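Reading the structure
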Amino acid sequence: MKIKNNIAVSDNGFIFNPASGESFTVNQVGLDILNLLRKGEKQETIIQQLSEKYQADKAVIERDLSDFQAMIKQYHLIQNEE
Amino acid sequence: MTAKARYERPLIKKLESNMPNKFGLRTEFEPLTHIDGVSVDSLIADYGSPVFVLSEQKIRSKFKAARQAFETRYPRVQFAWSYKTNYLSAVCNVFHQEGSWAEVVSGFEYDKAIRHGVDGSYIIFNGPDKTEEDLRKAITNNSLIHIDHLDELYMIQDIARETKQKPKVAIRVNMDTGIYPMWDRFGFNYENGQAWDALNKIMFSGLLELVGLHTHIGTFMLSPNAYAIAASKLANLAQRVQQKYSHEINYIDMGGGFSSRNTLKGAYLPGTDTNPSIDEFAEAITSALMNSEYRPKTPPLLILETGRALIDEAGYLLGSVIANKRLSDGRRATILDVGVNLLFTSFWYDHKITPAQEFTSYTEDTVIYGPLCMNIDVVRENVSLPLLNKGDKVVIHYVGAYNMTQWMQFITLRPNVVMVDLDGKPHLIRKNESIDSIENLEEIPTHLSHFEL
Ligand SMILES: Cc1ncc(COP(=O)(O)O)c(C=O)c1O
């Protein structure tokens, strides 16, 4: 899963989609995920990195990650994956 | 090893350009971690989740403020605690200690007041369903019987004739106060002359002592002016009785119905900002009485049967998050262990819900469901809350009125009810139900006691 290239992500969690004119905010964990996705990191790497930074079970992170990914997909922030 | 950062669910939120949205003007996530000095965590640890918590301090201060609002404007005021609003014995006794009489609407509530030690002459007996046995008891105890319909009037007259007692009665009057819907199913109508007719029947018979006039115009009323109209109409009846029979009515009972601080469903602004204060109701009622034509030697006692406005804010329901999920349209849903079985009033109110622990300032628009496997079990259709996790605790506010009487034993059992006293000490005032408390009432016919699968 990869974020569209034209999406702007600011350091304080402000997201702008120039194609649609929509903007969003994310919290810190959401911002970390977006940045890792932008780097093209794999699912396992993202979970590993978050579990090193935050106080949380991998199982919890994995569940929340897939929920978050579903939301950014719904907001059309994801590149089409064939 | 460096400490890891605190985890919070990842959140993405679309920014809307329009101003206030359907989730209300403000977020409600300011956490409430303690009730009268007792931590929510310890209350749940000691009494389980969910648990109802009542603040004795809040009940008393609310009562004192209400009494003051009326006593500073009118010389003779008496409150009567509306049992149906919350008839847990500890709650009733707080009101009785504060000087409230009892207002009851069934034989069950009547007996409860007697058991609490209320003298029969301080019990107001309202409602359409008083059995002959109830009436005989109330007459013997000198209670104040508020007649609802003619069949009741005739029954009381029969008992009076037979027992040679003179029952103390009032009639309940319904009327147009400009409020829709008009509660015309209780008592006798003012505009069409039924009320005047009933008063004449009572006075002609000579069997009963007409002591008062009663009305209760509705509940969660937002219009003080409706009370002014009602008070004028009762005073007018009293004046006509005085004129025609030279008989003075001792009291005017304005019933209950003042709104609490809750927010009615669909209201745009929170009830804490918009609902009239008790002073506004007091001003409307007392000025209408003072300005009326009714001029007895002593001003009639003004009785108030205020229920929800005196107890709603003293009640909290503590619960826990069972799970979070996503609905098909992407909305967040949170399931609590508190449902409409315990929170009957969530059918009327957008209850204020706050977390019981600190959070970051991120919030999410959420539907709050209860634990019942039933579609109706919605506690809040939409509320902005911080990112709650499984196991987090929440506080539902202003739940003291009607929930602890109208709750249902449905799917789950009813929980403990705790009262925090004036020294910040919690007391269990109603034990949680067990499967035994339910099954002890059941019987299984012998032929149904066995089966094989
Ligand atoms: C006769 C009577 N008095 C008092 C009350 C208490 O009303 P509230 O809780 O709205 O103040 C009620 C409630 O319906 C009532 O029926």
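Residues numbered from 1 in each chain as written. Chains lettered and ligands numbered in written order. Predicted model: local features only at pLDDT ≥ 70, side-chain atom pairs only at ≥ 80, totals over all residues. Heavy atoms only, no water.

Looking now at a nonpolar patch on the surface. Taken together, Phe347(B), Trp348(B), Met374(B), Ile376(B) and Ile411(B) make up a surface patch of nonpolar side chains, about 450 Å² in accessible area. Considering the arrangement of structural elements, one finds Trp348(B) in the loop between strand 15 (332–336) and strand 16 (353–355). (Patch = residues over 30% accessible without salt bridge, like charges linked within 9 Å, V, L, I, M, F, W, Y side chains within 5 Å. Areas by Shrake-Rupley, 256 points an atom, 1.4 Å probe, with all protein chains shown as cover. Salt bridge = Lys/Arg side-chain N within 4 Å of Asp/Glu carboxyl O. Helix = DSSP H or I, 4+ residues; strand = E, 2+ residues; numbered from the N terminus.)

Residue and element names in this part refer to chain B. Domain assignment breaks chain B into domain 1 (34–53 + 313–432) and domain 2 (56–310). A straight line from the C-alpha centre of domain 1 to that of domain 2 covers 33 Å. The partner domain 2 presents 27 residues to the 25 residues of domain 1 that form the contact. Here domain 1 meets domain 2 over a buried area of about 2400 Å², counting both sides, of which 55% is carbon and sulfur. At the boundary of domain 1 and domain 2, one finds two salt bridges. Put simply, Glu381 and Lys265 hold a salt bridge, and the shortest N to O gap is 3.7 Å. For the side of domain 1 that touches domain 2, the secondary-structure elements that each account for two or more residues are helix 12 (403–406), strand 20 (417–420) and strand 21 (426–430). A per-element tally of the side of domain 1 that touches domain 2 places strand 20 first, with three residues. Grouping the amino acids of the side of domain 1 that touches domain 2 by side-chain chemistry returns 14 nonpolar, five polar and six charged. (Domains from an automatic or database assignment. Contact = heavy atoms within 4.5 Å. Buried area = accessible area lost by both parts, 1.4 Å probe. Nonpolar A, V, L, I, M, F, W, Y, C, P; charged D, E, K, R; others polar.)

With that settled, the discussion passes to the site of the ligand. Residue and element names in this part refer to chain B. The environment of the ligand is made up of 16 residues, and the closest members are Thr219, Gly257, Glu305, Gly307 and Tyr402. Here an oxygen atom of the ligand and a backbone polar atom of Arg308 are 2.8 Å apart. For the ligand, the accessible surface in isolation is 400 Å², of which the surrounding protein chains cover 94%. Of the residues in the shell around the ligand, the class split is one nonpolar, 10 polar and five charged. (Near = heavy atom within 4 Å. Polar contact = N/O pair within 3.5 Å; in protein donor to acceptor, adjacent residues only side chain to side chain.)

Our next topic: the interface of chain A and chain B. Interface size is commonly expressed as the accessible surface area that is lost when the partners come together. With 27 residues of chain A at the interface, the matching set in chain B holds 18 residues. Buried surface at the junction of chain A and chain B, summed over both partners, amounts to about 2100 Å²; 58% is from carbon and sulfur atoms. Where chain A touches chain B, the interface holds three salt bridges. Notably, a salt bridge pairs Lys14(B) with Glu22(A), separated by 2.9 Å at the nearest N-O pair. Across the contact surface, chain A and chain B share 14 residue pairs in polar contact (both at pLDDT 80 or more).

A word on the packing of aromatic side chains. Residues and elements named next belong to chain B. According to the stated counting rule, one finds 20 aromatic pairs over all chains in the structure shown. Judged by centre distance (5.3 Å) and plane angle (65°), the ring pair of Phe63 and Phe79 falls under edge-to-face. With a gap of 16 residues between them, Phe63 in helix 2 (residues 56–71) and Phe79 in strand 5 (residues 77–82) connect regions that are remote in the sequence. Each member of the pair, Phe63 as well as Phe79, carries the same accessibility label: buried. (Phe/Tyr/Trp six-rings, centres within 6.5 Å; stacked < 30°, edge-to-face > 60°. Buried < 20%, exposed > 50% of the residue type's maximum accessible area, 1.4 Å probe, protein only.)

Another point: unusual backbone geometry. All names here are of chain B. Backbone torsion omega between Ser49 and Pro50 reads -5°, so that peptide bond is classified as cis. Looking along the chain, the bond that leaves Tyr180 and enters Pro181 is cis, with omega of -5°. Residue placement: Pro181 occurs in the loop between strand 9 (168–174) and strand 10 (188–189). Positive phi is not limited to glycine here, since Asn142 has a value of about 65°. Inspection of the secondary structure puts Asn142 in the loop between helix 5 (132–140) and strand 8 (144–147). Residue Asn142 is classed as partly exposed on the basis of its relative accessible area, which comes to 37%. One non-glycine residue, Ser246, lies in positive phi territory at about 50°. Residue position: Ser246 is located in the loop between helix 8 (224–245) and strand 12 (251–253). Classification of Ser246 by relative accessible area gives exposed; the value is 67%.

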